[in-house]
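Residue-level structure breakdown
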Amino acid sequence: MNILLTGGTGYIGSHTAVVLSQLGHRVVLLDNLSNSNAQVVDQLRRITGLDMPLVHGDVRDTPVVQHTLEKFDIQAVVHFAGLKAVGESVQKPVEYFSNNVQGTLSVLQAMQAHGVNTLVFSSSATVYGEPQFLPLTESHPTGATNPYGRSKLHVEEILADLARSDPKWKIACLRYFNPVGAHASGLIGENPNGIPNNLMPFIAQVAWGQRTELQVFGNDYATPDGTGVRDYIHVMDLAQGHAAAIDYLKQHPGCHPINLGTGQGYSVLEMVRAFERASGQAVPYRVTPRRPGDVAACYANPQKAHELLNWQAQLSLDDMCTSTWHFQQSLGRLESP
Ligand code: NAD
Ligand code: UD1
């Protein structure tokens with residue numbers, strides 16, 4: 001199929017581009033490069049041996065999206081483009097609703113105009129709000145505690161209404177848990193600007209010596225070692241999940257919310273120890289107060305993805321840490337003078 005990846009030069013988009021193109025799909029990337037770099041296209045060429053066209057544009061620019069759909073005869077869209085920092089969303093709600101909600105509406109308008117009705121949307125486990133039970137199933141009540149989460153929820157609701165309005169629509173809302181890791185080549189990975197908000201890139205920078213210590217946000221949660229527990233999933237497994245969703249949608253109209261997680265939770269201290277093992281480096285840490293808005297534990301019931309998509313995460317915690325470390329080393333060498 002000819003597949004458009006909005007936000008395709010970003011972290012999850014670039015890994016999905018590798019998987020889809022290696023499965024024989026023709027991949028086109030559209031990105032405004034607000035949180036990524038056009039050089040990713042060169043890295044994708046080195047990994048896959050293929051040239052993937054990059055349209056430098058904003059998803060809110062409907063004519064650009066429509067022109068891209070027409071020019072490349074696109075049959076399905078994977079919509080990654082959006083902003084994703086929870087703290088920033090509290091400071092800049094308008095930007096979040098504009099990029100995430102208005103951006104999605106613009107993509108939908110372009111798809112409607114061009115008769116493309118297969119869409120995979122990047123949703124998040126954040127749509128479950130504070131977990132009322134674990135593991136989280138897709139029928140867990142939804143809620144939002146910040147504008148980022150609310151933007152994902154708004155989009156999911158819009159997509160459900162859209163699918164109800166016309167049975168031609170085939171939509172998967174993939175609710176990602178905590179994506180980590182990198183492609184085994186070390187050529188692409190997560191490279192956040194400034195101080196990382198998320199645990200894994202922070203640990204990698206401490207191991208690399210770029211930061212002196214990790215702050216562990218609270219060790220008094222009701223978890224086995226008192227630190228927060230999350231469902232970390234390798235980004236290459238996540239990428240495979242997108243390919244499986246596109247296949248599934250061929251025969252299954254409607255709007256399908258689906259968890260992409262491993263079902264296994266790890267604590268912050270377990271992550272630190274796993275990274276130390278994988279990298280052979282020490283990761284010094286200090287326990288600090290809880291981060292506002294954090295929950296004790298969050299992990300998926302991945303059964304629905306298994307049943308519908310025949311997909312299951314394959315890669316281990318060690319794979320997640322080793323590939324992150326490999327990417328951190330390549331990045332560190334590039335950035336060193
Ligand atoms: P990312 O920032 O690496 O990738 C997003 C890409 O979208 C970037 O390349 C950015 O330049 C682009 N972009 C942003 N706004 C745009 C716009 N208006 N027009 C065109 N391009 C635009 O983030 P990611 O981690 O790859 O996340 C991809 C998607 O998955 C996002 O929608 C995010 O909310 C969602 N998600 C991510 C995580 C995670 O932990 N990474 C978890 C759950 C959900
Ligand atoms: C965060 C977002 C979530 C988003 C997800 C994407 C918040 C509140 N939630 O989830 O909406 O979908 O990223 O990956 O930002 N931790 C530390 N020290 C650090 C960083 C994190 O101890 O420097 C702990 C956290 O308290 C948490 C765990 O590590 O227990 C994971 O944190 P993080 O990687 O930020 O992910 P989430 O908070 O699960």
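Provided above is the structure to which this section pertains.
Residues numbered from 1 in each chain as written. Chains lettered and ligands numbered in written order. Predicted model: local features only at pLDDT ≥ 70, side-chain atom pairs only at ≥ 80, totals over all residues. Heavy atoms only, no water.

**Some remarks on the overall build of the protein**
Within the protein one finds 11 helices and 14 strands. Burial status across the protein gives 53% buried among its 337 residues. A separation threshold of at least 6 residues defines the contact pool for the protein, and within that pool the share at least 24 residues apart is 79%. Looking at the protein as shown, the accessible area adds up to about 14,600 Å², and 49% of this sits on carbon and sulfur atoms. Here the protein carries 23 positive and 29 negative side-chain charges, and the mean point of each set is 2 Å from the other. (Helix = DSSP H or I, 4+ residues; strand = E, 2+ residues; numbered from the N terminus. Buried < 20%, exposed > 50% of the residue type's maximum accessible area, 1.4 Å probe, protein only. Contact = heavy atoms within 4.5 Å. Areas by Shrake-Rupley, 256 points an atom, 1.4 Å probe, with all protein chains shown as cover. Lys, Arg positive; Asp, Glu negative; His and termini not counted. Charge placed at Lys NZ, Arg CZ, Asp CG, Glu CD.)

**Examining the site of ligand 2**
Taken together, 18 residues lie near ligand 2, and Leu-199, Gln-215, Arg-230, Arg-291 and Asp-294 sit nearest. One of the backbone nitrogen or oxygen atoms of Gln-215 is found 2.7 Å away from a nitrogen atom of ligand 2. At 2.8 Å, a side-chain N or O of Arg-291 approaches an oxygen atom of ligand 2. About the coverage of ligand 2: the protein hides 85% of its 740 Å² of free accessible area. (Near = heavy atom within 4 Å. Polar contact = N/O pair within 3.5 Å; in protein donor to acceptor, adjacent residues only side chain to side chain.)

**So, the packing of aromatic side chains**
Summed over the entire model, instances satisfying the criterion amount to two aromatic pairs. Considering the side-chain rings of Trp-208 and Trp-325, the 6.0 Å spacing of their centres and the 65° angle between planes classify their relative orientation as edge-to-face. With Trp-208 in helix H7 (residues 199-208) and Trp-325 in helix H11 (residues 317-335), this pair connects stretches of sequence that are 117 residues apart. Residue Trp-325 is classed as buried on the basis of its relative accessible area, which comes to 9%. Clustering of aromatic rings is evident, with ring pairs tying together Trp-208, Phe-275 and Trp-325. Directly above the aromatic system of Tyr-221 lies the positively charged group of Arg-290, at a separation of 4.0 Å from the ring centroid. (Phe/Tyr/Trp six-rings, centres within 6.5 Å; stacked < 30°, edge-to-face > 60°. Lys NZ or Arg CZ within 6 Å of the ring centre and 35° of its normal.)

**Some words on helix H3 (residues 62-71)**
Restricting attention to buried positions, one finds in H3 the residues Thr-62, Val-65, Thr-68 and Leu-69. When H3 is viewed along its axis, its buried side chains cluster within an angular range of 130° and face the same direction. Exposed residues on H3 whose side chains face more than 90 degrees from its buried face are Pro-63 and Lys-71. Of the surrounding elements, those touching the buried residues of H3 are strand S1 (2-6), strand S2 (26-31), strand S3 (54-56), strand S4 (76-79) and helix H5 (93-114). Once H3 ends, the next one or two residues include Asp-73, with phi positive near 50°. (Arc of directions from axis to C-beta.)

**Topic: the sheet that holds strand S11 (residues 254-260)**
The seven strands are arranged S3-S2-S1-S4-S5-S6-S11 in an open sheet whose pairing can be described as parallel. Where the open sheet ends on each side, the last strands, each with one partner, are S3 and S11. Within this sheet the neighbouring strands show an average axis-to-axis angle of 20°, counted without direction. Pairing of S1 with S4, which is carried by four bridges, proceeds in the parallel orientation. (Pairing = 2+ DSSP bridges. Axes fitted to C-alpha atoms, helices over the stretch in contact; angles between N-to-C directions.)

**Overview of the pattern of salt bridges**
This structure, assessed with the given rule, holds 12 salt bridges. Two residues, Lys-92 and Glu-88, come together in a salt bridge whose shortest N-O distance is 3.8 Å. Owing to a relative accessible area of 35%, Lys-92 belongs among the partly exposed residues under this scheme. The class for Glu-88 is partly exposed, based on a relative accessible area of 33%. The residue Lys-250 makes a salt bridge to Asp-247 at a minimum N-O spacing of 3.1 Å. Of this pair, Lys-250 and Asp-247 both sit in helix H8 (residues 235-251), three residues apart, which is roughly one turn of the helix. With a relative accessible area of 40%, Lys-250 lands in the partly exposed category. (Salt bridge = Lys/Arg side-chain N within 4 Å of Asp/Glu carboxyl O.)

**Considering the nonpolar core**
Counting 39 residues, the largest nonpolar core has Leu-5, Leu-29, Leu-44, Val-120, Leu-174 and Leu-309 as the members making the most contacts within it. In terms of residue count, the dominant contributor to this core is H8 (10 residues). Apart from the residues within four sequence positions on either side, Leu-29 is in contact with Leu-4, Leu-5, Gly-8, Thr-9, Ala-17, Val-41, Leu-44, Met-52, Pro-53, Leu-54 and Val-55. (Core = buried A, V, L, I, M, F, W, Y, C linked by side-chain atoms within 4.5 Å.)

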